[in-house]
Every structure is written in C-alpha cells, then in structure tokens.
Amino acid sequence: MEEQWNDSPGGFHPASAPDYLPVAQLRALQLHRLRGVVRRAYEHVPLFRQRMQERDLTPECLAGLEDVQRLPFTQKSDLRDTYPFGLFASPMSDIVRLHASSGTTGKPIVVAYTKEDLAVWAEVMVRCFAACGLHRGDVIQNAYGYGLFTGGLGAHYGAEALGATVIPVSGGNTDRQIMVMRDFGVTAICCTPSYFVHLVERAAELGVDIRQLKCKVGVFGAEPWTEGLRQHIEAESGIKAYDIYGLSEIIGPGVGIECPCQNGLHIFDDHFLVEIVDPRTGEPCPDGREGELVLTTLSKQAMPMVRYRTRDITCIIPEPCACGRTLRRIHRIARRSDDMFIIRGVNLFPSQIETALMGIAGTLPHYQIILTRHKGLDELAVEVEVTPELLSDQISAMEDLQTQLAAAIEKTVGLRAIIRLVEPHTIERSEGKAKRVIDRRSL
Amino acid sequence: MTLQQLSIFLENRPGHLITPCRVLAEAGINILTLSLADTQQFGILRLIVRDWQRAKAVLEAAGCVVKVTPVVAVEVSDRPGGLADILAALEKTEANVAYLYAFTLKCGTRGVMVFRFDQPDQAIAALAAAGIKIVSSDEIFSLLENDTTDGPVLC
C-alpha cells in the first residue's frame, strides 16, 4: 500500500488529481454534468419544472455553460416553502442520509444524500484536507458538531477517506478538547475559527501553549472570518489556518478550500458550478467584481440545486493560482449579503467594522453595531467591550481610544460612528452565529 | 516607593458603581481611598486597597476589567502653598502629574496625597531631593490600621 500511494508529506495526493484538470476538459465536464443535473431536477422536482415552464425553458436549452444564466434561481426560502422533502429528486429508498440546518429563523431546511452523494462529499473533503497538506498519518481532531449539522459528519468521512486518524470529539467541552489535542498527538483540527480562538484562550488559562503541541493545521469554516482573524490565530497558536467553505444546501463543508498559497479558495468546480451575480439584480458580474456567490451542484442526485443563491459575497480571482490548480478561485468570504445593513444609503457589513476595530485594538474585542434614528437621521453606534489591554487608568487615554476607533471606522466605511465603551460581558454571547447588528430604526 | 492602584472601567449609568464596591465588601476588603473620573459615557474608578492582588482577583472574577498602575503617596503640608511646594519641586523634571487625589488620613499638620505621574521614578527622585517625604505603602497601611477613631489620625 505504502508504495502505491504518494501521500507522504509534501507529496501529491492522488485524490487531488481532478484539481489539476486542463481547463478545456474541465469546462466540457461541467457542461455535460450541468445538462444531467438540470434534466434530473426538471423530471423530479415540481417547483423547478414549473419555474422552467414559466420561462419556456427545457433542459435542452443548455447549448453552452453560459446558458446557465437563463435558468431560474433557487433561494433558501424555496427550501423552507417546500419543507421538508419538496426539492428531493430521489425516492426515499435511494436516500441514505438526511441533514438539517439549525433553523434559527422558522423551520429548518432539510437536505438529502444518496450513497453516491455521500461518496462525492467524502471525495471533495479528501481533496480539501489534501490541499491543506494533510495525509495518512495525520491525527485530525474533528470539533465540528456531529448530528444534523453537516460539519461534523462531512469532515469525519472525508478525514477517514483520506486515511487520517479521526478523533470525533464533536463540538463543546473546551477543556476536554485541549486534553485530546495534547494527549492524542493531534496534528490538525477542524472547527469554526471563533471556537478555535476560544480554545486557544482557554488553553492559555490552563497553562497549555498550543505552539508547543503537534497541531500544525487548522481547517476552519462554517462562518465568515477575516484575514485579520487568520493572522491573529496563526500568531497565537503557531498553526496554519485554512479557510474551508461549504453550505448544507450544496453539500456541506467541502465546496471549496484554500491551498497553501492562502490566496482565495478553490471551488471544486467539477462538482459545483460557480457564478457571481449582483445581489440586487441577479445579473452576472464579470470576473473580479464583487457580488453574490451562486452555486449549481453538478453531480448531486438526491437534491440537485440549480443556481442556488448563497448570500455569500465574494468575487472570482481570475488569475491562475501559484499552486497549479485549475479550479476557479474565489476571494475568501468575509461577509454575507444578509449581514449587510444600509445606513444613510451606504451598504455596510459587520466585517468592515470588525477590520477597523482589529486594526486599533490588535485583537477583536466583543462588539455590537446599534442603528438608531435621531430626528430622521440614521446613527451608527458601535459598542465595544473594554478588555484589560484596552483599559487605561487615564480618562484621556480612554477618550483617545474612542477617537481612534471612530477614525478607523470612518476611514473604512466613510461614516462617523459613535463609539460606546461598555463593561465586559455586557454584549450578549451567542453559541452559534454572533448577533452583530441591532437595528432600532423601525421604532 | 510606589503604591499599586487598581482602576476599574464603569459605564456611567445608575447602579454601575455599586458592583465593584459590593464585590470588595463581600470579600472583606476595605477601600483606603478612591477617585472617580468620569466622562458622559463612562468612568474610571481608581482604588487603593491593602491587598491589591486579592482585590484584583475578586473584581475580575466578578467580571470587572481591572488595570494595575503604580502611584506615589506624597506627604503634603496642610497649609496654604503645601501642594504648590510639591509641584514646584517637580517643575524642572519631565514628570507630569496625570491626576491626583487625597487620603483621608493626616499626619499631624500634613496630609497624604496620591499622585499619578507619567514618570514616577523621576518624580520620586525630584521630591526626595527637595526633602519631601514619600510615604511607603507599609506606612500608609499601618497609619490606617491604627485609625480607630472617626477623626484624623495624629502622629
């Protein structure tokens, strides 16, 4: 076995072969698969067929890849409206797994997999891990939650298929995570970036220096994060932090991954067709222009997704990657279109505020954005929890801090913000996605 | 020759000052003196306590953010010009007074004030050269321990 598999450190992993397909062949494969998936959805998903018929379209309309732009979009609300199984294209007898979203607003969304879908999922996850330099012999601590959430099992089966040793520790219980990491010789960890930050802080409290452990790679995803946070994580822990992208509606984690160049994420576009559209008009954006990521599954059977609006904001990086992969590359996703808020006609994202705060504070304090309306005028306030590092005994220094924070935000977003320094633990903590924006303007 | 001062961040809203006071009360820690600086939005409570390490620990355990800063306790004559003499001794140094406040105790005709200097070492040297007494933490604590009366201590 050993000689047949060149998966030693620095070696080329055989599962990564499709990452390097010649572009012409890759496009031909995509078109072939696109036709198949559209036909499948048309034949088996009533909502999709109805929308196609409304546009006088049939699956035969796809002369070339660009014809995907003629197809109707699929939205998250479509999954809710057809809850639970309305978008399935396979009979339940062929479906071997169901997952569901946490359903923070209303009903959860349910996603389905055939045996072949699970094989594709494991394959793309193997390619993710391989791109992060992981291989057989690595010990992977999988701290994504196991259960209905796709993160846990998605990473699990990928890591197993890679041939690595998987520790299915799941999420939570931070002290045990640290013990496992230290005692089991963990070389890589999978979790959300914010949880890893928490884990490193807790390790320091317990007197464990992550830098002294064997863990050298983090595969972080399931929430948008910034380049600044990556630098913070890498400096604090000594690991290389890779961004992994995915969403349950498409397959789960494994839609895209950073390579060692850490300059954008490669989308496995032999399985997922990438488009970028203007989030307001739905019109396609040229390469390099920022817009909403739209994905079409090219090989999914149980739940084919045609032109799914991810609400993630990114852009195509058209230049070839130094790693040699021919897969399309997108800029890291630091924000979602549904995180966006509009103040005085300016579109803003919490990540922009975050970048400004990190620039001044060095690390990211807990913060919250409060929008109010005063005499008909929108006001932007940012509440920032004071940390021991930010605190001074001198009022003048604290006022300087407020001024600096306001100036950094104004420089980034072009708006004056009121900075309110608040006591620790006054901003509500969230187990899942942090609530960054409170809009009180509707009152 | 410095004292350790604890600074606590407070929002300037009703009910926020009581939390650290209550925490120290429950831990049996007496506040020897304090100063409260405020802006419209927040304040900084500065405290001198005897066991500052324990006070810091209980305050932090209660969720306060605490900063430790060295300050200098200086004996000041309780007469017109007493404070001016001290400041005159500092005039030719780089030592800037960021803020100051007083202890309630008195040594005869002299009071004790807490100075927060930007450069405490320079200030201490200049004050000592001018014959002004710097009060050590041990002296402060023993003076205050002996303070069993309601009035000022005579020594």
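No experiment lies behind these values; they were computed from the predicted model shown.

Rules behind the numbers
Residues numbered from 1 in each chain as written. Chains lettered and ligands numbered in written order. Predicted model: local features only at pLDDT ≥ 70, side-chain atom pairs only at ≥ 80, totals over all residues. Helix = DSSP H or I, 4+ residues; strand = E, 2+ residues; numbered from the N terminus. Buried ≥ 20, exposed ≤ 12 C-beta atoms within 10 Å, placed from the backbone. Contact = placed C-beta atoms within 7 Å. Pairing = 2+ DSSP bridges. Axes fitted to C-alpha atoms, helices over the stretch in contact; angles between N-to-C directions. Expected span 1.5 Å × (residues − 1). Core = buried A, V, L, I, M, F, W, Y, C linked by C-beta atoms within 7 Å. Nonpolar A, V, L, I, M, F, W, Y, C, P; charged D, E, K, R; others polar. pLDDT = per-residue confidence, 0-100. Left-handed = near helix turned anticlockwise from the far one by under 90°. Parallel < 35°, antiparallel > 145°, perpendicular 65-115°, else oblique.

Novice: Provide a residue-level description of the overall build of chain B, including the pertinent values.
Specialist: If you tally the helices and strands in chain B, you get five helices and six strands. Helices (α) and strands (β) of chain B occur, in sequence order from the N terminus, as β-α-β-β-α-β-α-β-β-α-α.

Novice: Outline the overall build of chain A, listing residues and values.
Specialist: Secondary structure summary: chain A contains ten helices and 21 strands in total. Per-residue burial for chain A yields a buried fraction of 44% across its 443 residues. Across chain A, every contact between residues at least 6 apart in sequence was considered, and the portion connecting residues at least 24 apart equals 67%.

Novice: With reference to specific residues and values, describe the sheet that holds strand 8 (residues 252-258) of chain A.
Specialist: Residue and element names in this part refer to chain A. Strands sit in the order 4-3-5-6-7-8-9-14-13 across an open sheet of nine strands; the sheet is mixed. Looking at the sheet topology across the chains shown, the edges are occupied by strand 4 (165-167) and strand 13 (316-317). The pairing of strand 13 with strand 14 (residues 329-330) spans two bridges and is antiparallel. When the sheet's bridge partners are listed, Ile317 is paired in strand 14 with Arg329. Helix-sheet contacts for helix 5 (residues 150-162) involve strand 3 (139-142), strand 4, strand 5 (188-191) and strand 8, and the interaxial angle to strand 8 is about 65 degrees.

Novice: I'd like a rundown of helix 5 of chain A, residues and numbers included.
Specialist: All names here are of chain A. In a regular helix each residue adds 1.5 Å, so 13 residues correspond to 18 Å; helix 5 covers 18 Å between its end C-alpha atoms and thus fits that length. For helix 5, the tally of buried residues reaches eleven of 13 residues, placing the bulk of the element in the interior. Within the sequence span of helix 5, burial applies to Thr150, Gly151, Gly152, Leu153, Gly154, Ala155, His156, Tyr157, Gly158, Ala159 and Leu162. Positive phi shows up at Gly163, right after helix 5, with a value of about 100 degrees.

Novice: Account for the nonpolar core, with residues named and values stated.
Specialist: Judged by nonpolar contacts, the single largest core of 98 residues is most densely connected at Phe129 and Leu295 of chain A. Filtering out sequence-adjacent residues up to four positions away, Leu295 of chain A remains in contact with Ile250, Val255, Phe272, Leu273, Val274, Met305, Tyr308 and Thr310 of chain A. Ranked by size, the runner-up nonpolar core spans 58 residues in total, among them Phe349 of chain A together with Leu47, Val65 and Val135 of chain B.

Novice: Summarise the interface of chain A and chain B; cite the residues concerned and give the values.
Specialist: In this complex, chain A contributes 16 residues to the contact, which on the side of chain B involves 17 residues. Residue assignment for the side of chain A that touches chain B shows that the elements contributing at least two residues are helix 10 (395-413) and strand 20 (418-422) of chain A. Residues that form the side of chain A that touches chain B fall into these classes: eight nonpolar, four polar and four charged.

Novice: Describe the confidence of the model for chain B, with residues and values.
Specialist: All names here are of chain B. Residues of chain B with pLDDT of at least 70 account for 93%, and the chain-wide mean is 88. Residue range residues 148-155 is modelled with pLDDT below 50. Its contacts to residues more than four positions away, or to other chains, number eleven contacts. ipTM for the predicted complex: 0.86, alongside a pTM of 0.69.

Novice: Could you give an account of unusual backbone geometry, with specific residues and numbers?
Specialist: Residues and elements named next belong to chain A. Of the consecutive residues Tyr83 and Pro84, the connecting peptide bond is found in the cis state with omega at 0 degrees. Following the sequence through the fold, Pro84 ends up in the loop between helix 3 (76-81) and strand 1 (95-100). The phi angle at Arg311 is positive, at roughly 70 degrees, despite the residue not being glycine. Relative to the assigned elements, Arg311 resides in strand 12 (residues 308-314). Overall, the presence of 19 C-beta atoms within 10 Å leaves Arg311 in the partly exposed class. Of note, the phi angle at His425 is positive, near 65 degrees, even though the residue is not glycine.

Novice: Report on the environment of Gly163 of chain A, specifying residues and quantitative values.
Specialist: Residues and elements named next belong to chain A. With respect to the helices and strands, Gly163 occurs in the loop between helix 5 and strand 4. With 19 C-beta atoms packed within 10 Å, Gly163 lands in the partly exposed category. Note: C-alpha distance between Gly163 and Asp138 (25 residues apart in sequence) is 8.3 Å.

Novice: Account for the environment of Tyr20 of chain A, naming residues and giving values.
Specialist: All names here are of chain A. Mapped onto the secondary structure, Tyr20 falls in the segment before helix 1 (23-44). Taking the number of C-beta atoms within 10 Å as the measure of exposure, Tyr20 has 13 and is therefore partly exposed. Setting aside its immediate chain neighbours within four residues, Tyr20 contacts Gly324, Arg325 and Thr326.

Novice: So what about the sheet that holds strand 12 of chain A? Which residues, and what values?
Specialist: Residues and elements named next belong to chain A. Taken in spatial order, the four strands of this open sheet run 10-11-12-15, and their pairing is antiparallel. Whereas interior strands pair on both sides, the edge strands pair on one side only; in this sheet they are strand 10 (272-277) and strand 15 (335-336). Bridge count for strand 12 against strand 15 is two bridges, and the pairing is antiparallel. Note on strand 15: the bridge partner recorded for Ile313 is Arg335.

Novice: Explain the packing of helix 3 (residues 82-90) of chain B against helix 4 (residues 120-129) of chain B to me, and be specific about the residues and the numbers.
Specialist: All names here are of chain B. Interaxial distance between helix 3 and helix 4 falls to 8 Å at its minimum, and their mutual angle equals 115 degrees. Of the two elements, helix 3 crosses helix 4, and the hand of that crossing is right-handed. When helix 3 is examined against helix 4, the residues Ile86, Ala89 and Leu90 are found in contact with a partner set consisting of Ala123, Ala126 and Leu127. Its residues placed into classes, the contact of helix 3 with helix 4 shows six nonpolar, no polar and no charged.

Novice: Describe in detail the packing of helix 7 (residues 193-205) of chain A against helix 8 (residues 227-237) of chain A, supporting the description with residues and values.
Specialist: Helix-helix packing: each pair is described by the crossing angle between the helix axes and the interaxial distance. Residues and elements named next belong to chain A. Closest axis-to-axis distance for the helix 7/helix 8 pair is 11 Å, and the angle between their directions is 30 degrees. Classed by the angle they form, the pair helix 7 and helix 8 counts as roughly parallel. Both helix 7 and helix 8 take part in a crossing whose hand is left-handed. The segment helix 7 lies against helix 8, with Pro193, Phe196, Val197 and Val200 engaging Leu229, Ile233, Glu236 and Ser237. In terms of residue class, the contact of helix 7 with helix 8 is made up of six nonpolar, one polar and one charged.

Novice: Describe in detail helix 4 (residues 115-131) of chain A, supporting the description with residues and values.
Specialist: Residues and elements named next belong to chain A. For helix 4, with 17 residues, the first-to-last C-alpha span of 24 Å sits near the 24 Å given by 1.5 Å per residue. Of all 17 residues in helix 4, 13 are buried, a share of seventy percent or more. A positive backbone phi angle near 85 degrees is found at Gly133, which sits one or two residues after helix 4.

Novice: Lay out the environment of Val37 of chain A in plain terms, naming residues and giving numbers.
Specialist: Among the structural elements, Val37 of chain A can be located in helix 1. Considered as a pair, Val37 of chain A and Leu298 of chain A are 261 residues apart in the sequence and their alpha carbons are 5.9 Å apart.

Novice: Explain the pairing of strand 5 (residues 97-107) of chain B to me, and be specific about the residues and the numbers.
Specialist: The pairing of strand 5 of chain B with strand 6 (residues 110-117) of chain B spans seven bridges and is classified as antiparallel. Paired with Lys106 of chain B across the bridge in strand 6 of chain B is Gly111 of chain B.

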